[in-house]
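# What the coordinates show
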Amino acid sequence: MKLFARSASCLLLLALVASCGDAKEEQEQDLCVRDNVVCLNGDVCNPSTGECERPKGLPWSPGEQAFRDASSDWGLDGLAANGQRISVTDVDGDGWADLSVRRAGGGKDDFSSGGERASWLLRNTGEGGFEDVTKASGLVATRSGADANTGRKIDLIIWGDVDNDGDLDAYTAFNKQNAQNEDTAEIMLNEGDGTFVFAAADDPVRNAGAIDSPGGASFVDVDRDGALDLWISQYAAQSPLQDRLLLGDGTGGFTEATADAGLSTEEWTSITTLNQAEGHSLSWGATACDLNGDGTPELMAASYGRAPNHLWLGQRADDGEVSFANESVASAYAFDDRTDWTDNESARCYCQLNPDAPDCDGVPAPELIQCNANTQLRWNHNNDREAFRLGGNSGTTVCADVNNDGWMDLLTTEIVHWDVGSSSDPSELLYNKQDPSVRFERPGNEATGLTREHELTAWNDGDITAAVFDFDNDGRKDVYIGSTDYPGTRGHLWHQKEDGTFERVPLADGIDHTSSHGVGVADYDRDGDLDIVVGHSRFRCGSGDHCYAPEEGHARLFENTIGQANNWLQVELEGADGTNRKAIGARVTVQTDAGTQVSEVGGGHGHYGVQHELARHFGLGAAEQATVTVRWPDENLSEETFDLEAGQRYIWKQGEEPVVAPQ
């Protein structure tokens, strides 16, 4: 008898058998029986191949490898795309996920030999690699065109088909503090081959002649007229600005609609106004999704600087006009209910030095910092006890049906410092309470399992970006949070268990990546599971060991090594007349015997433009088919339903039967 080992989890015992019968007869045999295959560690034998395999329907378990760093295999080290802001696109429409990478704080691209780069457009070759097409695409060209080797500055980019011609256009922006800067935010129109031209020079999206500081943006069809609109949130720390809504005309043009839609906010002159989340946001990220299931999206702006987050409830009148109502505080999105500031170390020191100050009676002495007249305090006693200063340092808000109840929940990311106490909102899940007015419950990280340990006394959670996706195709969504810019920060991956709580995925099993900033989720290799590209920030490198060497600070691709063991399906949508072509805002519902999953097609969200693959991906566990319903974002919220087999990516054109996508 011969002994063969296929892997550490499988042992093949092959008895000597006579090689008789024709090939067809041998093919029809049960090879597991013929070869006397014995599988170990829970694997089962596939009778058609004689190979030991992981059984369908099993979730990831500790000790199983879920991801591997495949950056070198894909050539990302050689491309030196050293940025931390990531978005996924498909610029040439070939069905393979491409990448946009930007370096925070970078300047204009210098395409001359040896010139410094700040942005990269990387085309997926479909053969396990990327190629840099930034300059050739014209995406960062200047309007003047005076120097072909100099590009525009880009901090933010999101993707959508604004002229409904079937390809992905782009909105690009940067922090423009000089109103007279000739470079501005732009709509870049895709020519259909992955090259770009400018939209009209008088388009109000450009905000020419004004200070413009977008921190986030989302393409969204607020009025369901088939033309993408644009929601822009602003981050201007010294003088906060009005967030903006612009309505698209379906040809690439836009008109200002902020005030008419009821989205006006006020300057920072009244504490009462600020406490009610009625002042301008300090937004590091925009989000748009339908939180109450009525087909009209809500708009959100996630604020940095402990300022309130904004949530605007979409309301559609009988004549189709859409307006928005401020539900920021009532929804529990503006900030959490933890308002005890007396465990803030700076506040405690202030009260020790000023015992007669308001509310200082009974405040204990600081425990972790020295307190004397020379101590530099991060505390303004007049303002920092107010609600508008007791929220979080919000970076990204992710919209996803985390608990598979058919309602979209939220995941927020927050920067939290060791000395500020419990009033600083942490990154956490907000579960939808299924109220038409949009209300959330914050059960807390101890209840959900999204916990972590801190090795340093002076720890900092630099959580800015995040993603919610099903990495093991078990039908339950998992969570990745990128923590960055401080000593000890890294990416954190949590797996959702059957009871709805989360467990940490060890670094050896998952994603080992320090100072993790930026995330783009897609099936980059089209093998049926979701891979992840993460960026790396080199801010504050002198303060700790969280930074890679400059030559190693490139975006990294972590290839999924476990998801293909379970069943899955993907749908790529195309809207018909009356629906925006890329079906942004469409809601996809997948039903199997195991339950129901819901996902929406997103138009960009989060910190300076996070965006994942537009094709909707669903892990099915052991299910071999699913009933799939699409609610299209048209005037009538048209629905179509088909039964689809697992293991395929489908192209679903509105009004037609889905077809299997070409590989």
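Per an unreviewed UniProt entry, the recorded name for the chain is CRTAC1 family protein, and the organism is Persicimonas caeni.

Once that is clear, we can look at the environment of Asp 167. For Asp 167, the location among the structural elements is in the loop between strand S11 (156-160) and strand S12 (169-173). Taking the C-alpha atoms as reference, Asp 167 lies 11 Å from Met 188; in sequence the two are 21 residues apart. If near-sequence neighbours (up to four positions away) are discounted, Asp 167 is found in contact with Gly 160, Asp 161, Asn 190, Glu 191, Gly 192 and Lys 582. At a separation of 3.2 Å, a polar atom in the side chain of Asp 167 contacts the main-chain amide nitrogen of Gly 192.

Right, let's talk about the domain arrangement of the chain for a bit. Here the domain parsing of the chain yields domain 1 (32-61), domain 2 (71-339 + 386-565) and domain 3 (567-660). For domain 1 and domain 2, the distance between their C-alpha centres works out to 41 Å. Carbon and sulfur atoms supply 63% of the area that domain 1 and domain 2 bury against each other, a total of about 690 Å² over both sides. Among the residues domain 1 hides against domain 2, the three largest losses belong to Arg 54, Pro 59 and Trp 60. Together they make up 83% of the total.

Here we take up the state of the cysteines. Evaluated as defined, the whole model comprises six disulfides. One disulfide bridge connects Cys 289 with Cys 399, the sulfur atoms lying 2.0 Å from each other. Where Cys 289 bonds to Cys 399 through sulfur, the torsion about that S-S bond is close to 85 degrees, and the disulfide is right-handed. Linking Cys 289 in strand S19 (residues 283-289) with Cys 399 in strand S23 (residues 393-400), this pair joins segments that are 110 residues apart in sequence. Classification of Cys 289 as buried rests on a relative accessible area of 5%.

On to the sheet that holds strand S40 (residues 639-645). Strand order in the open sheet made by the four strands is S36-S35-S39-S40, with antiparallel pairing throughout. The sheet is open, and its two edges are formed by strand S36 (595-600) and S40, each paired on a single side. Across the sheet, the axes of successive neighbouring strands diverge by a mean angle of 20 degrees, strand direction being ignored. Examined bridge by bridge, strand S39 (residues 625-631) and S40 share seven bridges and lie antiparallel to one another. Residue Val 628 lies in a different strand from S40, and its bridge partner there is Phe 642.

Tyr 171, Phe 219 and Leu 573 are the most contacted members of the largest nonpolar core, which totals 59 residues. Viewed by domain, this core spans two of them, domain 2 (71-339 + 386-565) and domain 3 (567-660), each represented by three or more residues. Excluding anything up to four places from it in sequence, Tyr 171 contacts Leu 156, Ile 157, Ile 158, Ala 185, Glu 186, Ile 187, Val 205, Pro 214, Ala 217, Phe 219, Leu 230 and Ile 232. Ranked by size, the runner-up nonpolar core spans 18 residues in total, among them Ala 467, Leu 493, Ile 511 and Leu 530.

What follows deals with the packing of aromatic side chains. The tally for this structure, following the rule as stated, stands at 11 aromatic pairs. Geometrically, the ring pair formed by Phe 67 and Phe 471 is tilted, given 5.8 Å between the ring centres and 55 degrees between the ring planes. Of the two residues, Phe 67 is situated in strand S6 (residues 67-69) and Phe 471 in the loop between strand S27 (460-469) and strand S28 (478-483); the sequence distance between them amounts to 404 residues. In this pair, the class of Phe 67 matches that of Phe 471, namely buried. Pairwise contacts between aromatic rings join Trp 60, Phe 67 and Phe 471 into one cluster.

Looking at helix H6 (residues 345-353), one finds that the buried residues are Glu 345, Ser 346, Ala 347, Arg 348, Cys 349 and Cys 351. A distance of 2.9 Å separates the backbone nitrogen of Ser 346 from a side-chain oxygen at the start of H6, and that oxygen is part of Asn 344.

A word on unusual backbone geometry. With phi around 55 degrees, Arg 224 is a residue other than glycine that occupies positive phi space. Among the structural elements, Arg 224 can be located in the loop between strand S15 (214-220) and strand S16 (229-234). Positive phi outside glycine occurs at Gln 434, with the angle close to 65 degrees. Relative to the helices and strands, Gln 434 is located in the loop between strand S25 (428-432) and strand S26 (440-441).

Criteria and cut-off values
- Residues numbered from 1 in each chain as written.
- Predicted model: local features only at pLDDT ≥ 70, side-chain atom pairs only at ≥ 80, totals over all residues.
- Heavy atoms only, no water.
- Helix = DSSP H or I, 4+ residues; strand = E, 2+ residues; numbered from the N terminus.
- Contact = heavy atoms within 4.5 Å.
- Polar contact = N/O pair within 3.5 Å; in protein donor to acceptor, adjacent residues only side chain to side chain.
- Domains from an automatic or database assignment.
- Buried area = accessible area lost by both parts, 1.4 Å probe.
- Disulfide = S-S within 2.5 Å.
- Buried < 20%, exposed > 50% of the residue type's maximum accessible area, 1.4 Å probe, protein only.
- Pairing = 2+ DSSP bridges.
- Axes fitted to C-alpha atoms, helices over the stretch in contact; angles between N-to-C directions.
- Core = buried A, V, L, I, M, F, W, Y, C linked by side-chain atoms within 4.5 Å.
- Phe/Tyr/Trp six-rings, centres within 6.5 Å; stacked < 30°, edge-to-face > 60°.

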